[in-house]
Each structure stands twice: as C-alpha cells, then as structure tokens.
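Close look at the chain arrangement
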Amino acid sequence: MSYAIINGAIVPESEAKVLISDLSIQRGYGIFDYFRTRAGQPVFLEDHLDRFYHSASVMRLSPEVDRERLKHLLAELIEINGAPNAGIRITLTGGYSENGYTPAAPNLLITLAPYHYDPASFDKGIRLVTHDFQRQLPEVKTIDYLQAIYLQPFIREHAADDVLYHQNGAVRECPRANFWAVTENGTLITPADRILKGVTRKMILAMEDLRPQAAHLPLSALSTAREAFITSTTKIVTPVTHIDGRPVGNGRPGPVAKAIFDRLLGMRGGYE
C-alpha cells in the first residue's frame, strides 16, 4: 500500500482527496515542486524547497507548515512508503474557495511514486518542435500545463517528442525542462529570463570550468548550434538531436552534454 500526506496527515494514497471546490480544480490555481530520493535521502532538497516557498510567495499562497515541519513530513512519508528511490511531489492548492475565484487556506498534498531512469534515454535523445509561446508567471512552478497538453497533437504531427517555446525571436524553455545550446563558437548558453529556473540548471551554471552563461539565446542561433540538450530532475541531461526536423550538429549526442551528464550523475549518486 502506498501512502500520501494531506495537510499533515498520512493517509493511504487511495484515500487522498480534496473537495471539488478547491481552486486547483475550479481554476487550475496552485503550485508544486518535485524532487527525487536516492537510498531514502532527498536529492538537492534545500534547492527544491527554496523554489517551492518562492513559488508559494509569488502566488500569494501561505503554507501552514514551515520548512522544518515540511522536511519532517517528507521524512515520514519516505519511511512509511519504504521506497528508497522515488519521486516526491509537493502540491499546494488554492484552497476551498467560497466563490470559486478567491484563494482560501491552501491544501498541502504530498505524494510519492517509484522513480526509474532509463540509461538509454541519453543516447536516444529527443526531437523538438518550436512554438511561439510565453508562460504566465514563468518563475513559478505552477500546476498550469494547459498549453503543453493542448499542443500534444501538434508535437505528434511534427514527428517530435516535445515542444520548445520561444518569444520575440528568443528561446525560452520546454514545458518540463530547461534548454541549453552549445553555440557555433562553442559557448554554453541557457536562456536567462522568462523561464522557470530549474535546480539541475542551477547545478550546471555552477560548473565554472565550462563557462556556462545564462544569457539571451536567439532562436536563429539554433540552426548553427554544435549541440543542444534539455535538463530537469527526471531527464537529467537529454540531448536534442533535431529541432523542427533539422539535425542539431551531427544529429547525435555531443561531448559537452555527455560531460555534464556524467558529472550530474556523480552529484546525484547515480541513475536511481
């Protein structure tokens, strides 16, 4: 049996429920964060909690639990589920609104599921198709994935695996990952603003020997890029082999992506 946490109470996952008056259901209003555990220990937890509380603040949602209490709840959930390698999602909803529009006391939901990474994902890579779109409140990890889900037929029609957003000629991000490119002159760049700043992205930006830059990345630069890849908690580093049907570089995973992938595996403690 799997367990979840609702507002501090541990319950069987099958009994984890919120009422239909919650703004997450009525208006899609809420935030979340996601991290993984290895051998029962959270990976990069402090960074994920920083982002969670930042998202809550921007969305004007006040969690009833402070950081230390939340960490205690997470430890309890990991222990009772007995899943050493898992993914944990913390969701904070808009609460039970009296008028279906005004936020109320938020509901805190914490769920856990087994996590498995397929090592073949790196060599396989992914194909992206570009789309002109800018997310609302991009610095917030909201539960709103309306555009990404709406575009699923568009992605399939273009024989792609995911979409890459851009706006006014500037590259932004994928719906669930940050984007990186190694430019024609060998510069490692990730878009600087109007994006969600991922935890994996933060770790790469700290690799000073690679001289990574958070800067403006023109969409036009992708046609001559040596490499491209996306990063996230679940995808780690996944090379982008094609964009809009055209190969990136030689259409295969490149050396910069591989070097970063290997270093992140060491920081994370392996695939699991």
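Take the overall build of the protein next. In terms of helices and strands, the protein carries eight helices and 15 strands. In terms of overall dimensions, the protein is globule-like: its C-alpha atoms have a radius of gyration of 19 Å, near the 19 Å expected for 272 residues. Its C-alpha atoms give the protein principal-axis dimensions of about 55 × 40 × 35 Å. Sorting the 272 residues of the protein into buried and exposed places 49% on the buried side. In the protein, of all internal contacts separated by at least 6 residues, the share reaching a separation of at least 24 is 69%. Across the protein, 29 positive and 30 negative side-chain charges occur, with their mean positions spaced 4 Å apart.

For the rest of this paragraph, the subject is the sheet that holds strand β3 (residues 30-38). Taken in spatial order, the six strands make up an open sheet running β2-β1-β6-β5-β3-β4, and their pairing is antiparallel. Strands with a single pairing partner mark the edges of an open sheet, and in this sheet they are β2 (9-12) and β4 (41-42). On the sheet, helix α2 (residues 45-58) packs against β3, β4, β5 (86-93) and β6 (108-114) and is oriented at approximately 175° with respect to β3.

Right, let's get into unusual backbone geometry. Positive phi, normally seen in glycine, also occurs at Ala39, with a value near 55°. A positive phi is found at Arg60, a non-glycine position, where the angle reads about 60°. Along the chain, Arg60 turns up in the loop between α2 and α3 (67-81). For Arg60, a relative accessible area of 71% corresponds to the exposed category.

Turning next to the pairing of strand β1 (residues 3-6). As paired strands, β1 and β2 are joined by four bridges and run antiparallel to one another. Looking at β2, one finds that Ile6 is bridged to Ala9. Judged from the two bridges that link them, β1 and β6 form a sheet pairing that is antiparallel. Its bridge partner being in β6, Ile5 is matched across the sheet by Ile110.

So, on to the environment of Asn178. Counting through the fold element by element, Asn178 comes out in strand β10 (residues 178-182). Along the primary structure Asn178 and Ile230 are separated by 52 residues, whereas in three dimensions their C-alpha atoms are 5.4 Å apart. Within polar-contact distance, the side chain of Asn178 engages the backbone oxygen of Leu196 at 2.8 Å.

About the cut-offs
Residues numbered from 1 in each chain as written. Predicted model: local features only at pLDDT ≥ 70, side-chain atom pairs only at ≥ 80, totals over all residues. Heavy atoms only, no water. Helix = DSSP H or I, 4+ residues; strand = E, 2+ residues; numbered from the N terminus. Rg over C-alpha atoms; globule rule 2.2 N^0.38 Å. Buried < 20%, exposed > 50% of the residue type's maximum accessible area, 1.4 Å probe, protein only. Contact = heavy atoms within 4.5 Å. Lys, Arg positive; Asp, Glu negative; His and termini not counted. Charge placed at Lys NZ, Arg CZ, Asp CG, Glu CD. Pairing = 2+ DSSP bridges. Axes fitted to C-alpha atoms, helices over the stretch in contact; angles between N-to-C directions. Polar contact = N/O pair within 3.5 Å; in protein donor to acceptor, adjacent residues only side chain to side chain.

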